[in-house]
Protein chains: 2
Amino acid sequence: MSFQLKTQGATGDAAYTVKVKALKDRLESQIPSYLRLDPALIDSLPLDVTGIPASSGLLTPAELAITELDATAVCAKIASGELTAVATVTAFGKRAAIAHQVTACLTDFFLDEGIQRAKELDEYFQREGKVTGPLHGLPISIKDHIPIKGRWGSGGFFSIVEQSTDDCDMTAVLRSLGAVFYVKTNQPQTIMHLECQSCYGRTLNPYNSALTPGGSSGGEAALIAMKGSCMGVGTDVGGSIRGPCAHCGIYGIRPTSKTMPMGGFLWYQPGQDGIHPSTGPMCASARDMRLFLEAVLSARPSLLDPALIPVPLAKPDLSKTKLRVGVMFHDGVVMPHPPMLRALELAKAKLQASPLVEVVDFVPYNHDEGYSITRSMYYEDGGKTVREMLKAGGEDILLLSEWIISPPHVVEHDAIAMWKLHDRRDTFRRAYSDHWNQQGVDVLLCPPFPGTAARHDTTTYWGYTAIFNILDYPGVVFPTGIKADPSIDVPRDFGSPMSPADEYNRSLYDPQIFVGAPVNLQVIARRFDDGLALAAQELIEQIIKA
Amino acid sequence: MSFQLKTQGATGDAAYTVKVKALKDRLESQIPSYLRLDPALIDSLPLDVTGIPASSGLLTPAELAITELDATAVCAKIASGELTAVATVTAFGKRAAIAHQVTACLTDFFLDEGIQRAKELDEYFQREGKVTGPLHGLPISIKDHIPIKGRWGSGGFFSIVEQSTDDCDMTAVLRSLGAVFYVKTNQPQTIMHLECQSCYGRTLNPYNSALTPGGSSGGEAALIAMKGSCMGVGTDVGGSIRGPCAHCGIYGIRPTSKTMPMGGFLWYQPGQDGIHPSTGPMCASARDMRLFLEAVLSARPSLLDPALIPVPLAKPDLSKTKLRVGVMFHDGVVMPHPPMLRALELAKAKLQASPLVEVVDFVPYNHDEGYSITRSMYYEDGGKTVREMLKAGGEDILLLSEWIISPPHVVEHDAIAMWKLHDRRDTFRRAYSDHWNQQGVDVLLCPPFPGTAARHDTTTYWGYTAIFNILDYPGVVFPTGIKADPSIDVPRDFGSPMSPADEYNRSLYDPQIFVGAPVNLQVIARRFDDGLALAAQELIEQIIKA
């Protein structure tokens, strides 16, 4: 299949087709000719394209070395004068151009602007002998629906593609901290798939193009896995940070809602209060997540946006207490595929052998009910708004968009029905919290998804991430280092399926298909225990990888 | 007018009348005969009944002295062994019985239970030589819709009066901290009047029975002003703590929502997310507010209820910075009555003369729009639920209940209309916050109400409190020591009214009517700045009263 066909975007009527072609031509034309890959290569790519940037010859060894750094190292090297902001954004920008040509991960490319900003920062550093802020010179990639002044963005539909007139709160804060913007990244139609297909196209998983990079922050995840960025910003209301990070073998956190600035993000259901999204970093290392959160909090965003909650980010010293880690292999609804189970088995064995933590088998509490409430909450208007957005752009509805707004979960609500749904949510939250307290765990280690990255257009079970959206518990995902291996990850026999979703998930498994897909795990903490989630993830990763 | 007529409750159909009589007989029978006032006295009460407990002869001088203490002093004296829990609850309980006979402030009286609990606490103290918690032996009065195991409560309608099977979170926490329960207090039908008339009756203002004690926590305020309690718990979604505290000359704080436990409170619109209520202390001194909040937070209620936000309560040292106090005389919608303006003038002059603070004239931002959004948010079902609750009990709708659910503010919403309303709310919040930041104030000093306590059944302008509910800014009210005085507080000429609400408010003013009504002021801080609000209030009061 040609690359063009593999990355085919949402279709539409004649007017849509013409206008979307212009949009894609604009994006295409933004990639300068000196960064173009050989067209022949593009149509004969290997399943795993992560080696292409190094083999392309388009980056110097010094540039390749820069792109191997994590954000913490980048900031340190720029702050010490070892690296310039211009060299840094140039390296990541070049690699991002390549990443896009093999995964279709971008929606806007403006390296020239990034270099211009980097120059100003370098001049400041030269002149003042100090950095402007904790992220001075750090190139940060930004998901499509997060506005950057003058750049392209959309709220998940062609009909609301815009050139943003202003920075949103997050990009304004990051800019004030010294960040450099240079690319925006793809997200799916509706921004509500754990998949990544928009009017721009379909993003591919860098480790295996037969698989999705996940969504909705799928462009970010593919870009960061390709090392075209070491720090990106995603959003998550059902798994949209954690899913793609997990599918692409990178790090990411969905912070507790309302702790990170989201003012000005493009969204088509403003005022929706049933379930709150969150925004957070997707990045190359565990320490980068803390770097990002601490930097943003240092700007005191709650003074800017009164919707934000100024809970301090704790930095617990876990050497002083024995962390109690709950381990959950499955949620009682869908059994994960063999590669995920292998990673969990390894992790549990290593944790049990460690004197640093205590391991408890965590019993899930009614995840089916929780996921069901979540799905109903997403579209309390019965999906009317989505259909209007599509109609306004002449855009065809994608399979996964149709699925996400379908009954029985999605129905039209009046005020009383909405209150009842929200009350059901509150009752579930309380019951889950009681259950968690009874098990006495500090954090939970569990799958972020019932398998590795999924085959395209098959992701309908979001339960492993979405449950923690409805609970609003912070969640961190991290790579275990394990990758799906057909010689080890043979199908297992679990008897009767636990649910129709389990049966479907089981039907999707074929060891050959998932070859090379990374396996991440997820660490969950209680609401507002974001600092503990980060510290626990670091400790757990250290034990697992020891 | 007889006391019975003055305190007439909500009426209803024949079955309602019979059942409500039983409810009132139960309450009546709970007041023991040795605590009864002379019936002749009750029908010839002075306007100001605050002197009755002392003159009644029903309390010993020692008991009267106990009831003059604030909660902080009570806790300290019990913890030092100077006072017993039994003596304390006995004194407050006796005084509460008298308070009820002259203001109709109670809905349940169970001093025997309180004494039994106090005995256990005294025994523990004797045995262990220490207190069980920071509120050991403190009698706390509780608003009707806040359940105490085995006691009477209701969600604002006769149809949902219950004997509670369990403590709610708040009373469970308070109990665990050592509190002693002995009374529950009156609230209005719907719990949504700034007035206090329920099926039990109408509560009167202790300082002037022609006036309301305010609502919805009006029973609490009347009781505490009568010194039948030094610490009570109220709730506030439009002014229901601050209004009654202001009307009755006591202290109270509406904390930022979701910081204090509300799990299990009786409420007829569970799941309503547009505007969140809050709960907090109503009490005899400024320091008692902090005592209460710190004690409750010490129990870590956010571990019990995942809806709660664990923002620490700051204790800023205001001697180190110069507090910037915005002063607002009126909100641009309704001009306060002369006694309130006099208090503001005094406060401003004193603050301006103080080296400890900087005074800024605070310009209000579109309070009319804010109050309008708030009113629409209360009943997004168009008031259907209220009408059903009334119908189920055969209860007639009160004037102020009809008003609160009436168009144009109250209409039926579907999901999309609700999102639009909530988006309008979010836009207002952001604009107000920007406006506040531009004025650069730390706290705001303003009226809690456009006058002193109102005449019965006239309170339809909640703007001075409700605006800070929609903004979710913490608000503290405190007595200035000023009382309405017909010889000073003569009508003033302000030219044309600012609004129909202003015209109505103006028409209500007659210096003679409001004689003796206390004047409180309100201190507002940014969302989650509850600790600053408390510290600023103490400083401001100290300056004003110096």
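The rules behind each value
Residues numbered from 1 in each chain as written. Chains lettered and ligands numbered in written order. Predicted model: local features only at pLDDT ≥ 70, side-chain atom pairs only at ≥ 80, totals over all residues. Heavy atoms only, no water. Helix = DSSP H or I, 4+ residues; strand = E, 2+ residues; numbered from the N terminus. Rg over C-alpha atoms; globule rule 2.2 N^0.38 Å. Buried < 20%, exposed > 50% of the residue type's maximum accessible area, 1.4 Å probe, protein only. Pairing = 2+ DSSP bridges. 1 Å grid on protein atoms, 1.4 Å probe; cavity = no way out; pocket = protein on both sides within 12 Å on 5 of 7 lines; lining within 4 Å. Points joined across faces, edges and corners; volume = space filled by probe spheres on them. Least-squares fit on C-alpha atoms with pLDDT ≥ 70 in both. Axes fitted to C-alpha atoms, helices over the stretch in contact; angles between N-to-C directions. Contact = heavy atoms within 4.5 Å. Salt bridge = Lys/Arg side-chain N within 4 Å of Asp/Glu carboxyl O. Polar contact = N/O pair within 3.5 Å; in protein donor to acceptor, adjacent residues only side chain to side chain. Core = buried A, V, L, I, M, F, W, Y, C linked by side-chain atoms within 4.5 Å.

Chain A goes by Amidase signature domain-containing protein in an unreviewed UniProt entry, where it is assigned to Hygrophoropsis aurantiaca.

Draft legend 1. Looking closely at the overall build of chain A. The helix and strand tally for chain A stands at 21 helices and 13 strands. Taken over the C-alpha trace, chain A has a radius of gyration of 22 Å; the compact-globule value for 546 residues is 24 Å, and the two agree within 12%. Each principal axis of the C-alpha distribution contributes one length, and for chain A these read about 60 × 55 × 55 Å. Expressed as a percentage of its 546 residues, the buried residues of chain A come to 64%.

Draft legend 2. Representation of the pairing of strand S7 (residues 251–254) of chain B. Residue and element names in this part refer to chain B. Of the two faces of S7, the one carrying Tyr251 and Ile253 and the one carrying Gly252 and Arg254 are both buried. Here three bridges tie S7 to strand S12 (residues 475–483), and the two strands are oriented antiparallel to one another. From the neighbouring strand, Arg254 faces S12, where its bridge partner is Gly475.

Draft legend 3. Molecular detail of empty space enclosed by the protein. Residue and element names in this part refer to chain B. In this structure the tally under the stated criterion is six cavities of 30 Å³ or more. Thr259, Leu297, Val311, Leu313 and Asp530 are, among the 13 residues lining the largest cavity, the residues nearest its centre. Listing elements by their share of the lining of the largest cavity, those giving two or more residues are helix H12 (286–298) and helix H21 (530–545). Roughly 90 Å³ of internal volume is contained in the second largest cavity.

Draft legend 4. The arrangement of the relation of the copies chain B and chain A in detail. Here chain B sits on chain A after a turn of 180° about the axis and a move of 0.0 Å along it, with an RMSD of 0.0 Å. Both copies of the chain, as the preceding transformation shows, are related through a two-fold rotation axis. Considering only C-alpha atoms, the part of chain B nearest the rotation axis is Asp414 of chain B, at 2.1 Å.

Draft legend 5. A look at the sheet that holds strand S11 (residues 443–446) of chain B. All names here are of chain B. Spatial ordering of the open sheet is given by S1-S5-S2-S6-S8-S7-S12-S13-S11-S9-S10, a layout of 11 strands whose pairing is mixed. The sheet terminates laterally at strand S1 (106–109) and strand S10 (357–361), the two strands that pair on one side only. With direction set aside, neighbouring strand axes in the sheet form an average angle of 25°. By the bridge criterion, two bridges tie strand S2 (residues 139–143) to strand S6 (residues 231–236) in an arrangement that is parallel. Residue pairing across strands places Ser141 opposite Gly232, the latter belonging to S6. Its contacts with the sheet put H12 on S6, S7, strand S8 (278–283) and S12, and the angle it makes with S8 is roughly 140°.

Draft legend 6. Quick look at the sheet that holds strand S6 (residues 231–236) of chain A. Residue and element names in this part refer to chain A. In spatial order, the strands read S1-S5-S2-S6-S8-S7-S12-S13-S11-S9-S10; together these 11 strands make up an open sheet with mixed pairing. A strand with exactly one partner marks an edge of an open sheet, and here the two such strands are strand S1 (106–109) and strand S10 (357–361). Pairwise comparison of adjacent strand axes, ignoring direction, gives a mean angle of 25° for this sheet. Where helix H21 (residues 530–545) meets the sheet, it contacts strand S7 (251–254), strand S9 (323–327), S10, strand S11 (443–446), strand S12 (475–483) and strand S13 (518–525), and its direction lies at approximately 15° from that of S12.

Draft legend 7. Fine view of the pattern of salt bridges. All names here are of chain A. By the definition in use, this model includes 68 salt bridges over all chains. We note a salt bridge from Arg492 to Glu345, for which the minimum N-O separation is 2.7 Å. One end of the pair, Arg492, is in the loop between S12 and helix H20 (500–507); the other, Glu345, is in helix H14 (residues 338–353), and 147 residues separate them in sequence. Residue Arg492 is classed as partly exposed on the basis of its relative accessible area, which comes to 36%.

Draft legend 8. Region of interest: the side chain of Gln522 of chain A. All names here are of chain A. Looking at the secondary structure, you find Gln522 in strand S13. A polar side-chain atom of Gln522 sits 3.0 Å from a polar atom in the side chain of Arg242. For Gln522, the residues in contact, after removing those within four places along its chain, are Arg242, Leu444, Leu445, Cys446, Pro447, Pro448, Tyr464, Thr465, Phe468, Val476 and Val477.

Draft legend 9. Here's a closer look at unusual backbone geometry. At the junction of Pro407 of chain A and Pro408 of chain A, the peptide bond is cis and its omega measures out at 5° in the coordinates. Here Pro408 of chain A lies in the loop between helix H17 (399–404) and helix H18 (415–439). One non-glycine residue with positive phi stands out, namely Lys258 of chain A, at about 65°. Among the secondary structure elements, Lys258 of chain A is positioned in the loop between S7 and strand S8 (278–283). Phi at Ile191 of chain B takes a positive value of approximately 60°, unusual for a residue other than glycine.

Draft legend 10. Expanded view of the nonpolar core. Counting 113 residues, the largest nonpolar core has Ile140, Leu174 and Leu445 of chain A as the members making the most contacts within it. Apart from residues no more than four positions distant in its own chain, Leu445 of chain A is found in contact with Val325, Gly326, Val327, Met328, Ala347, Leu351, Phe478, Leu521, Gln522, Val523 and Ile540 of chain A. Leu121, Cys199, Val296 and Leu539 of chain B belong to the second largest nonpolar core, which has 112 residues in total.

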